[in-house]
Each structure stands twice: as structure tokens, then as C-alpha cells.
Amino acid sequence: MLPQEIIRHKRDGKELTAEEIAFVVRGITDGSLSEGQVAAFAMTVFFRGMTLEERVGLTLGLAHSGVTLDWSDLDLPGPVIDKHSSGGVGDKVSLMLAPIVAACGGFVPMISGRGLGHTGGTLDKLASISGYEAQPDVATFRRVVREVGCAIIGQTDDLAPADRRLYGVRDVTASVESIPLIVSSILSKKIASGLGGLAMDVKCGSGAFCDTEAMALDLAQSLVAVGRRAGLPMTALITDMDCVLGRDVGNALEVAETVAYLKGEGPRDARLHAVVMALAAEMLVLGRLAPTLERAHAQAEAVLADGRAAEKFARMIAALGGPADFLDRAGTYLAQAPVVRPCSAGRDGYVAGMDARQVGIAVVVLGGGRSHADDAIDPAVGLTDVVAVGTPVRAGDPLCRVHAATEAEADEAVAMVRSAIRIADEAPSARPVILKRVAA
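Everything quoted here is computed from the prediction, not taken from an experiment. (Residues numbered from 1 in each chain as written. Predicted model: local features only at pLDDT ≥ 70, side-chain atom pairs only at ≥ 80, totals over all residues. Heavy atoms only, no water.)

Draft legend 1. Layout of the overall build of the chain. What the chain contains, in helices and strands, is 17 helices and twelve strands. Here the chain has a C-alpha radius of gyration of 22 Å; the compact-globule value for 440 residues is 22 Å, and the two agree. The principal-axis extents of the C-alpha atoms in the chain amount to approximately 65 × 45 × 40 Å. With 440 residues in all, the chain has 55% of them scored as buried. Contacts spanning at least 24 positions in sequence make up 78% of the contacts within the chain whose residues lie at least 6 apart. About 17,200 Å² of surface is accessible on the chain, with carbon and sulfur atoms providing 52% of the total. (Helix = DSSP H or I, 4+ residues; strand = E, 2+ residues; numbered from the N terminus. Rg over C-alpha atoms; globule rule 2.2 N^0.38 Å. Buried < 20%, exposed > 50% of the residue type's maximum accessible area, 1.4 Å probe, protein only. Contact = heavy atoms within 4.5 Å. Areas by Shrake-Rupley, 256 points an atom, 1.4 Å probe, with all protein chains shown as cover.)

Draft legend 2. Seen up close, the packing of aromatic side chains. Overall, the coordinates contain three aromatic pairs when judged by the stated rule. Centroid distance Trp71 to Phe141: 5.9 Å. Interplanar angle 75 degrees. Geometry classified as edge-to-face. On the criterion of sequence distance, the pair formed by Trp71 in the loop between α4 (52–63) and β1 (81–85) and Phe141 in helix α7 (residues 138–148) is long-range, its members being 70 residues apart. For Trp71, a relative accessible area of 5% puts it in the buried group. Accessibility expressed as a relative area gives 2% for Phe141, which makes it buried. For the ring pair Phe326 and Tyr333, a centre distance of 6.3 Å and an interplane angle of 35 degrees mean the geometry is tilted. Judged by its relative accessible area of 26%, Tyr333 is partly exposed. The lysine or arginine in question, Arg142, covers the ring of Trp71, its NZ or CZ lying 5.7 Å from the ring centre. Arg268 extends its terminal NZ or CZ atom over the ring of Tyr261, reaching a point 5.0 Å from the ring centre. (Phe/Tyr/Trp six-rings, centres within 6.5 Å; stacked < 30°, edge-to-face > 60°. Lys NZ or Arg CZ within 6 Å of the ring centre and 35° of its normal.)

Draft legend 3. Representation of the sheet that holds strand β10 (residues 398–404) within the structure. Ordered in space as β6-β10-β8, the three strands form an open sheet in which the pairing is antiparallel. Lying at the two open borders of the sheet, with one neighbouring strand each, are β6 (339–344) and β8 (382–384). Within the sheet, the average angular offset between the axes of one strand and its neighbour, ignoring direction, is 30 degrees. As paired strands, β6 and β10 are joined by six bridges and run antiparallel to one another. (Pairing = 2+ DSSP bridges. Axes fitted to C-alpha atoms, helices over the stretch in contact; angles between N-to-C directions.)

Draft legend 4. Molecular detail of helix α14 (residues 308–319). For α14, which comprises twelve residues, the first-to-last C-alpha distance of 16 Å matches the rise-based estimate of 16 Å (1.5 Å per residue) to within 8%. All of the buried residues in α14 are Ala309, Ala310, Lys312, Phe313, Ala314, Met316 and Ile317. In this structure, the buried residues of α14 make contact with α5 (93–103), α6 (122–127), α7, β3 (150–154), α11 (251–263) and α13 (293–305). (Expected span 1.5 Å × (residues − 1).)

Draft legend 5. Spatial organisation of the packing of α11 against α14. Where α11 meets α14, the axes come as close as 8 Å, and the angle between the chain directions of the two elements is 145 degrees. For the pair α11 and α14, contact is made by Thr258, Val259 and Leu262 and by Ala309, Ala310 and Phe313, respectively. Class assignment for the residues of the contact of α11 with α14 results in five nonpolar, one polar and no charged. (Nonpolar A, V, L, I, M, F, W, Y, C, P; charged D, E, K, R; others polar.)

Draft legend 6. Region of the structure containing the environment of Ser94. Relative to the elements of secondary structure, Ser94 occurs in helix α5. Overall, Ser94 belongs to the buried group, its relative accessible area being 5%. In sequence terms Ser94 and Lys83 are eleven residues apart; their C-alpha atoms lie 7.5 Å from each other.

Draft legend 7. Quick peek at the sheet that holds strand β7 (residues 349–354). Spatially, β9-β7-β11 is the arrangement adopted by the three strands of the open sheet, whose pairing is antiparallel. On the outer flanks of this sheet lie β9 (392–393) and β11 (421–424), each paired with one strand and no other. Pairing analysis gives two bridges linking β7 to β9, with the strands arranged antiparallel. Residue pairing in the sheet places Gly349 in a bridge with Val393 of β9. Across the sheet, helix α17 (residues 407–420) lies against β7 and β11, angled at about 50 degrees from β11, the strand it touches most.

Draft legend 8. Molecular detail of the nonpolar core. Within the largest apolar cluster, 131 residues are counted, with the highest numbers of intra-cluster contacts made by Ile100 and Val402. When residues of this core are assigned to their parent elements, the largest contribution, eleven residues, is made by helix α12 (residues 270–286). Formed by 21 residues, the second largest nonpolar core is a distinct cluster that contains Ile6, Val24, Ile28 and Leu166. (Core = buried A, V, L, I, M, F, W, Y, C linked by side-chain atoms within 4.5 Å.)

Draft legend 9. Geometry of the side chain of Glu20. By the secondary structure assignment, Glu20 is in helix α2 (residues 18–30). Buried and unpaired, Glu20 has no salt bridge, with Lys14 as the nearest side chain of opposite charge at 8.2 Å. Looking at Glu20, its side chain comes within polar contact range of the main-chain nitrogen of Thr17, at 2.9 Å. Sequence-distant contacts of Glu20, defined by excluding residues within four places in its chain, comprise Met1, Ile6, His9 and Glu15. (Lys, Arg positive; Asp, Glu negative; His and termini not counted. Salt bridge = Lys/Arg side-chain N within 4 Å of Asp/Glu carboxyl O. Polar contact = N/O pair within 3.5 Å; in protein donor to acceptor, adjacent residues only side chain to side chain.)

Draft legend 10. Summary view of the packing of α5 against α11. At a minimum axis separation of 9 Å, α5 and α11 run at an interaxial angle of 35 degrees. Of the two possible hands of crossing, α5 and α11 adopt the one that is right-handed. Residues Leu95, Met96, Pro99 and Ile100 of α5 form the contact with α11, whose own contacting residues are Val255, Glu257, Thr258, Tyr261 and Leu262. Looking at the contact of α5 with α11 residue by residue, the classes come out as seven nonpolar, one polar and one charged. (Left-handed = near helix turned anticlockwise from the far one by under 90°.)

Draft legend 11. Looking closely at the environment of Val364. Turning to its location among the elements, Val364 is positioned in helix α16 (residues 356–368). Distance in space between the C-alpha atoms of Val364 and Ala413 is 9.3 Å, their sequence separation being 49 residues.

Structure representation (C-alpha cells):
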């Protein structure tokens, strides 16, 4: 086969055969396809799309381009299940969800990413914990999953290497926003992780990749269809990302919010709690640890209330090199910013809306995120106590607190956040956080 002929076929709108897709994946993996050819392939898929059969073929090819994890030899007494989010602002759900599901009897080998752009990464949040080993070897990863029930780490070099190269090319050739390529990228890594079930959280709104519900539905339906055809039981929830999820945004700040959530210190943010419980229920039903979503929801609430989920989180942190007493003394281990300043409302009214993307960019400006993949980040900076949409405010009331490294950066972030939060004379209509469920 010739790469240029396969690219021509897709350029002209033809459906690629399984053999042609396998040839492309081999070429991406072993380097026999040039960067130009990989870019051309990605761009033709971007414009021409892929059928379900093509998407399944590409997903499985990428998944098997490197090492695939097998958990059967560990004789685990429960299902291997996971969750993946399409990314948002203040999205610390994974940190809460993994220990909750583990406390219910599941085994959660969660391979997460770092933040890029306005969305935060789960791995960056955990990296703010002193000593935490975010990229252990596979043997350590498997041991922690077996002994604790959950482990959250970064992608290893030998897991779906063809996807890593393909994504790198997409990132610099304006072909990231392709549903077939997004689906194959997400699912190839999850299939290679040896999962028995996956719950997807597809974010929708101003702070998400999918800024419309129609786009989010397209992505969710494609993920579930391809996953199930590839042998991975799946469901997907479309959740609202038109405002910050939870109260805090920023790496160490979100870890602190996670600890408070798991320990039950103060009221839990209602929208955040709804997303965590809904995804926990999906995972428990997928893993056959509960017969219905209602029963699964009750199980998740129970392990949160009696402290078993918090204990799992503490054990995971310690097993991966973090402090053994982190749960009790998180404040002494997490970095704190030298400048903390309120961002105040400029007028009376109601918080009517929020540009969540702009809020996320404000955190990047503070140094809490990346503009480029190799940027260093400041774990201490970010926002706390972000006001919820619908809250009545008076001029001078705090909309949030800005945590910054310098006064100048605090000034810039305050201005950005103030412009991102819209205040109106009337309260907005309530918007649910769980927008839609997509199953088989």
C-alpha cells in the first residue's frame, strides 16, 4: 500500500478499509509515515469524517499500537472501571470519584492528563502534593490499584504511542476539533488500560471544548457507539460547563477543596456533588456493583458519609509517595500564594452568567495553567469561593478571592474575572448540571 493513495481515498470521501487503517496506524507508530503524511491524514479525516466502522478500526489500531494492560492475573475481587472527562474549569471530579468508587468495591486505574489551555489537568492537581509520584512504573501502578483500589497517574510512554504522535501532529495543524479523532484518542488509551467499563463526562458550555449541546451530544453518542463496538461497555453524561464546577479553581486549591469534600468539612457544592454522584452511579452499574442507578447512588453516598472514600484517597496519596498524614494536614503540605485579594462586584444585582473559559484563562495568566505543553505552573495560584450563578450580590461583595504570586498578576486576574461574571437586574432561570444521559 502507498500512504498517499490511502490519503487520496479519504480526501475523495471514500470509506477506508480495515487494512488501510491498520497500515496508517503502523506507519504512525514505526515512523514510516512522514510528519506531512500524518498531518494530511488527520486533515482529510477532519474534513471528510469517518464512518462508525472506520472509527472503531482507528480506535482499536491506536489502542494496540503499544502495551495493553491486563488485570486478569491479579485476580481482583471487583471490576476494573474508570471515568474520563472532556475537560472543564474547576473540574476536580476525578479526585473525588476514584476513591468513592474504590470504597464501593471497584478498581479504578485512572490515567489522566495535564492541563493545556484554559482547562485544568487532574495530573497537575496531584502534582501539587509534595512527593506524589504521578508517573510511576507499570508494576507500581498495578500494585497500588490492587492494594488500594484506585491510582491516578499520567500516561506512560508505551501506552497507545501512535495516538501520542497523531495528537502531537493534530495539535500543530489545526485538526484537534475532529469528533472521529477525539473519540479514537480518548478511547484508544482507555481500551489499552484494560478497562471493563467506562463512564464519560462530556462537558458542554463556555468552559468546555463542546460549546453547544448539539456538539456535546454528537461527541457523547460517538464515544458510546465506538466504545461498545470495540468491546468497552460505556455510558456518557453531558454536564454543564457554563460556569465553574465547585467553588475553587487552581491546582493546590482544588486539592484542598477535594479534601474538604471527602471529609465533609462544610457544605458540599451542590452542582459538583451532583456530577460526582451521577458518575459514581454510572460506574457502579457498569461494573455490576449495583443493580440500578438509584441503588448505586445510595452506595456512593454511604461511603462518602462514613469516611471510607476519604480513607481510600489518603491511602492512594501515601502509596504513590505523598505524605501519610496528608488528609489530616493538607494545609501544611499544599503551597499557598503570597497575595490573596477579593474580586468585588461592581454593582447590585444577581450573578446571571459566567464566561467559564475566561475564568480559566485568568488562572492561566496567574501561572496556574499552560499556554504551551512545556510551561511550568505555579500550584498555589488560582481562585477560591467563586460565586455561584443565581446568587444575589451588592456592589463591593466578593465574587471570588484571587490567589496570586504578585500584585500585578492579581490586578490582571481581578479585571479578567470581573469581566467574565455577568450581573443583571433579574435572577437567571435555573439550569441543571446533568443535561443528558447517553447509553447504548
